[in-house]
Amino acid sequence: MTKIILITLLALTPLFAQVKENIEVPYVAYPIKMGKGFDQVNGNCLMCHSFGYILNQGPQPRAFWKAKIHKMIDAFKAPISDEDAKIVEDYLATYYGNGK
Amino acid sequence: MKRRDFFKTAAVMGAATLGSSAFGSEVKIQQPIDNRPISKFNFPEKRPMITHSDRPPLLESTRDVFTQAITPNDEFFVRWHMPEIPTYTDPEKFTISVNGLVQKEYVISLKDLKNDFEQVEVTAVLQCGGNSRSAFLPTTGGVLWGSGAMGCAKWKGVRLSDLLHRAGLKEGAQWIGFNGMETAAYYKTPGFVRELHLDELDDHVIVAYQMNGEDLPYLNGYPVRLILPGYYSDSWVKMLKNITVTSEYQHHFFMDEAYRVPDNATESEMPDHLAKKTKPITKMNIKSVIGFPEDNSTIAMNSQLVVRGVAFDSGIGIKDVLISLDGGKTWESSILDNEARGRYAYRAFRFSFKPKTLGKLEIMAKAVDKFGHEQPFAKNVLWNRGGYKYNGIDVVTVEVV
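The model shown is predicted, which means the values in this text are computed figures rather than measured ones. (Residues numbered from 1 in each chain as written. Chains lettered and ligands numbered in written order. Predicted model: local features only at pLDDT ≥ 70, side-chain atom pairs only at ≥ 80, totals over all residues. Heavy atoms only, no water.)

Draft legend 1. Here's a closer look at the sheet that holds strand E22 (residues 332–333) of chain B. Spatial strand order, E19-E26-E25-E21-E22 (chain B): 5 strands in an open sheet with mixed pairing. On the outer flanks of this sheet lie strand E19 (298–299) and E22 of chain B, each paired with one strand and no other. (Pairing = 2+ DSSP bridges. Helix = DSSP H or I, 4+ residues; strand = E, 2+ residues; numbered from the N terminus.)

Following this line, the structure appears as structure tokens:
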């Protein structure tokens, strides 16, 4: 009997299947800086990508960040208001700027 | 042009100029970033890797992985574009649809894919077009990868041409569009669709369900992905769901805007003077990466040091990987493995010597193909705004003690 159950179980298990149930992608708490404008960053950026996308870029000039925000709006159609876009730009220039 | 329109155009052009000035003007090419830590987190079916992002997942292999001619599945890099990826796919119910300008549209299950067609294998390098992008200064668009957005695997599946043959192409069929199951957070965000011209598709192009003898890992595109040997990975659509044949090129963001380089002989531009015309990145250029020793590691003087790494190109074939220990003044051939894996696979190289002098030692590797093309020094790599196709000579600096 045990043998039959074992054979049945083996038969039900596809040979290589590794995705047998919902895959869980871990949540990584990226060490994003808190400060003025963070709520707008949290609300607008996180919809499409993690804070890893910001940290990955390293310190960059304000114009770089501004261009990024407008790429999100123009190319990827992120619904970011003009007001929020400016706040996010200020935040990025302040906390992830390089002084330029 | 009406006067008002002129001002409108002038304003737009002003904005465009402002956009390009975001890059600054001084071009400098450095060694790609090579000191990022691996994450504490295991992603599904992966060892801890350099984790640039969790959503979408962006995982990079570390340098030591490139001592092997085949990249293990659990260390193979991961790059998705959209935040929504199905977290479960039932292999019993999954189907791929073939449609468009064909005699007979059909959907096919994974089981039929494995039974109805000749099963073929190809070993091929999968490399992100932006691999090593962190070398480019000023910083370009895109994820700032080190050199670990590449890997080589043995892929198994069926020929795309066989799938298309079953459907039967109608007269005028020119383009094949591919899309997978990842989706954006917003309805209006352009989907990740790729298109290939029929001329680009040969019998090496396969629809694969297996990688190195196992099911594709979830994060590498389970259950099925497109394999395009010799081409950058942007067209290797993951979780492939739909294949559509058309007569006309369909415009898509990821074709028209992303993964493009300047359309000129050197595929380059200046940050303050961007090229007007661009073209898709398509085929890979020649490249090699040292897997051992690690940068900034310590080596004992007079001990036997075996430098190891991998080299590849778009399929022309690697003839030689040369090593320099004097800053590129003189070069010596390394030992290459055999070509058994085929022309789209990594060639592993090794070079053995005993360091005789104390202090810093630079080890350089330069691949040469069968036509004589070779990698440029990093400082001679030319800049492009997307940071694509970096292939500078790899340099590892060790301390001899």
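Draft legend 2. Spotlight on the packing of aromatic side chains. In this structure the tally under the stated criterion is 19 aromatic pairs over all chains. With a centroid separation of 6.2 Å and 50° between ring planes, the pair formed by A:Tyr91 and A:Tyr96 is classed as tilted. The residues A:Tyr91 and A:Tyr96 share a single accessibility class, namely buried. A connected cluster of aromatic rings, assembled from ring pairs, spans A:Phe38, A:Phe51, A:Tyr91, A:Tyr95 and A:Tyr96. Seen from the ring of A:Tyr96, A:Lys33 lies directly overhead, with NZ or CZ sitting 5.0 Å from the centre. In this structure, B:Lys238 packs its charged tip against the face of B:Trp80, placed 4.7 Å from the ring centre. (Phe/Tyr/Trp six-rings, centres within 6.5 Å; stacked < 30°, edge-to-face > 60°. Buried < 20%, exposed > 50% of the residue type's maximum accessible area, 1.4 Å probe, protein only. Lys NZ or Arg CZ within 6 Å of the ring centre and 35° of its normal.)

Draft legend 3. Highlighting the pairing of strand E20 (residues 305–312) of chain B. All names here are of chain B. Taken across its 8 residues, E20 has 6 buried, putting it largely inside the fold. Here E20 runs beside strand E24 (residues 347–353); their pairing, made up of 7 bridges, is antiparallel. The residue of E24 that forms the bridge with valine 310 is alanine 348.

Draft legend 4. Spatial organisation of the confidence of the model for chain B. Looking at chain B, the pLDDT average stands at 93 and 95% of residues meet or exceed 70. Predicted complex, confidence summary: ipTM 0.88, pTM 0.91. (pLDDT = per-residue confidence, 0-100.)

Draft legend 5. How the structure looks around the interface of chain A and chain B. Contact residues are listed per partner, giving 34 residues for chain A and 40 residues for chain B. Between chain A and chain B, roughly 3,300 Å² of surface is buried when both sides are summed, and carbon and sulfur atoms account for 59% of that area. Taken together, the connections running from chain A to chain B amount to 0 salt bridges. The interface formed by chain A and chain B holds 13 residue pairs in polar contact (both at pLDDT 80 or more) in total. The residue makeup of the side of chain A that touches chain B, split by class, is 20 nonpolar, 8 polar and 6 charged. (Contact = heavy atoms within 4.5 Å. Buried area = accessible area lost by both parts, 1.4 Å probe. Salt bridge = Lys/Arg side-chain N within 4 Å of Asp/Glu carboxyl O. Polar contact = N/O pair within 3.5 Å; in protein donor to acceptor, adjacent residues only side chain to side chain. Nonpolar A, V, L, I, M, F, W, Y, C, P; charged D, E, K, R; others polar.)

Draft legend 6. Examining empty space enclosed by the protein more closely. All names here are of chain B. Applying the stated criterion across every chain yields a total of 3 cavities of 30 Å³ or more. Its boundaries defined by the atoms lining it, the largest cavity holds a volume of some 130 Å³. Along its surface, the largest cavity is lined by 15 residues, and Phe77, Arg79, Arg225, Ser233 and Lys238 are the ones closest to its centre. Reported here for the second largest cavity is a volume of approximately 70 Å³. (1 Å grid on protein atoms, 1.4 Å probe; cavity = no way out; pocket = protein on both sides within 12 Å on 5 of 7 lines; lining within 4 Å. Points joined across faces, edges and corners; volume = space filled by probe spheres on them.)

Draft legend 7. Broad picture of the sheet that holds strand E5 (residues 95–100) of chain B. All names here are of chain B. Within the open sheet, the 5 strands sit side by side as E6-E5-E15-E10-E11. Their pairing is mixed. The sheet is open, and its two edges are formed by strand E6 (106–109) and strand E11 (193–197), each paired on a single side. Pairs of neighbouring strands in the sheet enclose a mean axial angle of 20°, with direction left out of account. With 5 bridges joining them, strand E10 (residues 175–179) and E11 adopt antiparallel strand pairing. Bridging across to E11, glycine 177 finds its partner in glutamate 195. (Axes fitted to C-alpha atoms, helices over the stretch in contact; angles between N-to-C directions.)

Draft legend 8. The arrangement of the nonpolar core in detail. Ranked by internal contacts, the top residues of the largest apolar core, which has 83 residues, are B:Leu113, B:Trp155, B:Phe178, B:Val207, B:Val224 and B:Ile243. No other element matches strand E12 (residues 206–211) of chain B, which puts 5 residues into this core. For B:Phe178, the residues in contact, after removing those within four places along its chain, are B:Leu160, B:Phe192, B:Val193, B:Arg194, B:Leu196, B:Leu226, B:Val237, B:Leu240, B:Asn242 and B:Ile243. Core analysis: the second largest hydrophobic core is formed by 23 residues, A:Ala75, B:Met150, B:Met284 and B:Tyr388 among them. (Core = buried A, V, L, I, M, F, W, Y, C linked by side-chain atoms within 4.5 Å.)

Draft legend 9. Just the packing of helix H2 (residues 38–45) of chain A against helix H5 (residues 82–95) of chain A, in detail. Residue and element names in this part refer to chain A. Contact pair H2 / H5: the axes reach a minimum separation of 9 Å and the direction vectors enclose 115°. Here H5 runs roughly perpendicular to H2, going by the angle between their axes. Regarding H2 and H5, the two cross each other, and that crossing is left-handed. Only Asp84, Ile87, Val88 and Tyr91 of H5 make contact with H2, whose side of the interface consists of Phe38, Gln40, Val41, Asn44 and Cys45. (Parallel < 35°, antiparallel > 145°, perpendicular 65-115°, else oblique. Left-handed = near helix turned anticlockwise from the far one by under 90°.)

Draft legend 10. How the structure looks around the pairing of E5(B). Residue and element names in this part refer to chain B. Summarising the sheet, E5 and E6 pair through 4 bridges and their orientation is antiparallel. Along E6, the bridge assignment pairs threonine 95 with serine 109. Linkage of E5 to E6, two consecutive antiparallel strands, is achieved through a turn of 5 residues. For E5 and strand E15 (residues 242–246), the ladder comprises 4 bridges, and the chain directions are parallel. Bridge pairing in E15 places glycine 100 opposite valine 245.

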